[in-house]
Structures are given as C-alpha cells and as structure tokens.
Amino acid sequence: MKVNEGFISACREFLQAEQLLLDEPMSRQTTFEIGGPADCLIFPHSIQEVQKIVSLVNEYKLRLTVLGNGSNLLVRDGGIRGVVVKFNGPMSEMRIEGKHIIAGAGVLLKDISEFAAAHCLAGLEYACGIPGSLGGAVFMNAGAYGGETRDVAYSVTAVAKDGSLKSYNKDELDLGYRHSVFQENGELICEVELELQPGDEAEIRSLMADYTQRRESKQPLEMPSAGSTFKRPEGYFAGTLIDQTGLKGLKVGGAQVSTKHAGFVVNAGHATAADVQGLIKEVQRLVFEKHGVKLYPEVRMIGED
C-alpha cells in the first residue's frame, strides 16, 4: 500500500520536512539495524500532531504502525506498508510534580532514570540500561533486575484510533509479563505519568551503577540486537537453556546466537530479517528437542517478508 499523495500533502501542511520521510530503510531506525523500507515514516513533535496524523490516516484509509525506539523489534525485509509513526526526541519532555514524573512517550529509559536520580526519586533504577523508550516500556511492560514498568506506571495519555484523547489509570493498563492493553487496542501512547518514591541520590546511583556493570559484563551491547530475544519460559531461563543446548555462536547468514549471552540473537554483519527468523526457528527446534521446552520470541516482528 503506497501512501496517497493527498495524505503526504496534508501532512506537509503542519509537519517540517525532516519529520516526514518516504521509503526510509528501517535498518536506520531499529537497534537491530535490520529492516526494509517504510512507505512513510513520521516523527511527531506533539500530541496534537499525533491526533492530526491519526485523523488523516483514517481519512485516507491507510495502515498505521507505531514505534518507540525500535529496540525490541525486528522489521522484516519487505519493509512496512502505509504510515509509521515513531516517537523520539521531540516527544521526550519531562517534568516533576512531587514524587511523580510526567514524560513524553519518546524519552529514552536511560534518560528518565537519570532524571529521576537527579531529583532523588527511586524506583526507576532497573530501567537505566534498557535500550528503549518510555512508550515502548509501557507497551511491553519492560522490566529488568526484578523491576517492571507496572511497578511505577501511574497513568497514560493515548490517542485512540479515531484521533481522540484517552486517559488510563494504572489499573486499566493491564500490565503483565511483556503485555499491556495497548497491544490489543492499537492506541498510541503519547505521555506517561510515573509514581516514584523519595530516595537518597547516592543510593539510587549506586544501584544504577551496579545494574549497569552487570549488564555490560554479561550482555553483547557492542553488537546490534533487539535485546533479549526470547520470553522467559516458566521455570527456566531462555539463555540458560540455549547455552545448555550448545548453541552459542550458532549462525544463520549474518544472524548469530551471541557468544557472550545465549539469550541474545545479534546482527553479526549484514544480517537480514530472514536470517534472524531462520535462526530463531532453529534455536526453538533444538532447545525443544533437547529439553522439551518451547521458546517464544520476545522480539516483536512486523512488516512484510
């Protein structure tokens, strides 16, 4: 579905030139550095712009895909038809209200955890090394080191499919293991309010430094990836099962099971999405053969083959 010229013209009336890219390779927009072109990629600067974009998508009957930082994502080699909205820097403002932080969906988790520490607010330490955005963290209920987004999420402002604004309190977010209500309703998370607790800045930073050291020593941060590739199977750790199956270093094309942490599939050089998908299937098959445990991808896969 190529994007209608009328839609492009209407968007250019309120977007700056650099906010709208045509046939943009998604390899430039994801941490995996993999993916075919998006027909139309838009970087909104405000909630009002998001509302206008959604209304125009409806008017021109286009397909809409929403991205955060592109960190828990594999875009297939055929790319993405229709319109892609990506939340990034312009929608990353943060402000403090007592023990609450209100922030745009595009803010990176490392930046908001640093912001919280600087204001002596505890509860976001676990997020300091997660390579995602706040909106993506809500969408997937991101977590690490015993902490999860649902522990701190207080409310969310989203744009519904008809372009209207909707507000959710924490009880309406349906945050579970790598799950939120937004995976079902398709609404666009625009702003998030977090509830934290007063803390000692030195203690907060000490915990963040510990998590950072543990992450850097164990994870293949020097190579492009989408983070942890598989969901945690009940009673097991995916990385341990893959390691015990002897799959560290296994390759399909340019995709490889990390030699540093078996739970990560990395782009070892010019990997395609087909390479990654083939490697994931091979890992699933071999782990099930040896351990009788089914592994399911944590990485979202979107786009066309």
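Right above here is the structure, for reference.
What you see is a predicted model, and the numbers here were worked out from it, not measured in a lab.

Draft legend 1. Representation of the state of the cysteines. Using the criterion set out here, one finds 0 disulfides in the structure. In this model Cys190 remains outside any disulfide bridge; the closest cysteine sulfur is found in Cys11, 15 Å from its own.

Draft legend 2. Focus on the nonpolar core. If you look at the biggest cluster of nonpolar residues, it comprises 61 residues, and the most contacted ones within it are Phe7, Ile42, Val83, Ile112, Leu124 and Phe182. Looking at which element gives the most residues to this core, the answer is helix α2 (residues 47-59), with 6 residues. One finds Leu247, Ala262, Val265 and Val299 within the second-largest nonpolar core, a separate group that totals 24 residues.

Draft legend 3. Inspection of unusual backbone geometry at higher detail. Positive phi, normally seen in glycine, also occurs at Cys120, with a value near 55°. Of note, Cys120 is situated in the loop between α3 (109-118) and β8 (121-122). On the basis of relative accessibility, which here comes to 30%, the residue Cys120 falls in the partly exposed class. The residue Tyr145 is not glycine, and still its phi comes out positive at about 50°. Mapped onto the secondary structure, Tyr145 falls in the loop between β9 (143-144) and β10 (147-148). A relative accessible area of 29% means that Tyr145 is categorised as partly exposed.

Draft legend 4. Focus on the sheet that holds strand β6 (residues 94-97). Ordered in space as β6-β7-β13-β11-β12, the 5 strands form an open sheet in which the pairing is antiparallel. Each of the sheet's edge strands pairs with one partner strand only, and the pair in question is β6 and β12 (165-169). This sheet shows a mean twist of 20° between the axes of neighbouring strands, independent of strand direction. Relative to strand β13 (residues 188-195), strand β7 (residues 100-104) runs antiparallel, the two being bridged by 5 bridges. Bridge pairing in β13 places Gly104 opposite Glu191. Contacting β6, β7 and β13, α3 crosses the sheet at an angle of about 35° to β6.

Draft legend 5. Focus on helix α1 (residues 5-12). Among all positions in α1, only Phe7, Ile8, Ala10 and Cys11 are buried. Down the axis, α1 shows its buried residues gathered within 165° of arc, on one side only. Residues of α1 that are buried sit in contact with β1 (20-25), β2 (37-42), α2 and β5 (80-86). Its side-chain oxygen placed 2.5 Å from the backbone nitrogen of Gly6, Asn4 serves as the N-cap of α1.

Conventions we followed
Within every chain, residues take consecutive numbers counted from 1 along the sequence as written. With pLDDT at 70 or above as the cut-off, local features in this predicted model cover only qualifying residues; side-chain atom pairs require 80 or more to be listed or tallied, and sums for whole chains, interfaces and linings still use all residues. Each side-chain value is derived from all of the structure's non-hydrogen atoms; neither hydrogens nor water enter the calculation. Disulfide assignment relies on a single distance test, namely cysteine sulfur atoms paired within 2.5 Å. Within this scheme, the nonpolar core is defined by two criteria: the residues are buried Ala, Val, Leu, Ile, Met, Phe, Trp, Tyr or Cys, and they are joined through side-chain atoms within 4.5 Å. Classification of residues uses two cut-offs on accessible area relative to the type maximum, computed with a 1.4 Å probe and protein chains only: under 20% is buried, over 50% is exposed, and between them is partly exposed. Strands here mean DSSP runs of E at least two residues long; helices mean DSSP runs of H or I at least four residues long; both are numbered from the N terminus. For two strands to be treated as a pair, DSSP must find no fewer than two bridges joining them. Axes here refer to lines fitted to C-alpha atoms; in helices the fit is confined to the stretch in contact. Angles between the N-to-C directions go from 0 to 180 degrees. Throughout, a residue-residue contact means that at least one pair of heavy atoms, one from each residue, lies within 4.5 Å. Throughout, the arc means that of the directions going from the helix axis to the C-beta atoms. A 3.5 Å cut-off defines polar contacts: any pair of N or O atoms within that distance qualifies, except that in protein one atom must be a possible hydrogen donor and the other a possible acceptor, and neighbouring residues in sequence count only when both atoms are side-chain atoms.

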